[in-house]
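What follows is each chain in one-letter form.
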Amino acid sequence: MQKHNGIAGFIDTLRNGWFLIAFIAGLIYWVARQDNALVELDRLTVRMTTLENRTTILETGIGQLQLKIDGIKEDLTLIKTAVIK
């Protein structure tokens, strides 16, 4: 009888404390999700840095092409001027 009363008491405690159990389970779930979010944030930060580096390289290449195009335009202007004279 004593053992049955102990198990029944434990079950009654669980039944009466279901809200607390659900809250603790939800809290553990939320913390686990936040931990995964931090890993994802680190991965996205690395990816963004890589994209920024690639963008800088492309901008540098475009700048060099623009300088070459400007040089060709100046040469064409000089040629036009020489041909007209």
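Residues numbered from 1 in each chain as written. Predicted model: local features only at pLDDT ≥ 70, side-chain atom pairs only at ≥ 80, totals over all residues. Heavy atoms only, no water.

Novice: How would you explain the pattern of salt bridges if you had to name every residue and give the values?
Specialist: Pairs can form between side chains of opposite charge whenever their charged atoms are close. Applying the stated criterion to the full structure yields two salt bridges. The salt bridge partner of Arg 15 is Asp 12, with a shortest N-O separation of 3.1 Å. Placement of the pair is Arg 15 and Asp 12 together in helix H1 (residues 2-16), with a separation of three residues, close to one helical turn. Where Arg 43 meets Glu 40, a salt bridge forms, and the shortest distance between an N and an O atom there is 2.7 Å. Placement of both Arg 43 and Glu 40 in helix H2 (residues 18-84) is noted, with a separation of three residues, approximately one turn of the helix. Residue classification places Glu 40 among the partly exposed positions, given a relative accessible area of 35%. (Salt bridge = Lys/Arg side-chain N within 4 Å of Asp/Glu carboxyl O. Helix = DSSP H or I, 4+ residues; strand = E, 2+ residues; numbered from the N terminus. Buried < 20%, exposed > 50% of the residue type's maximum accessible area, 1.4 Å probe, protein only.)

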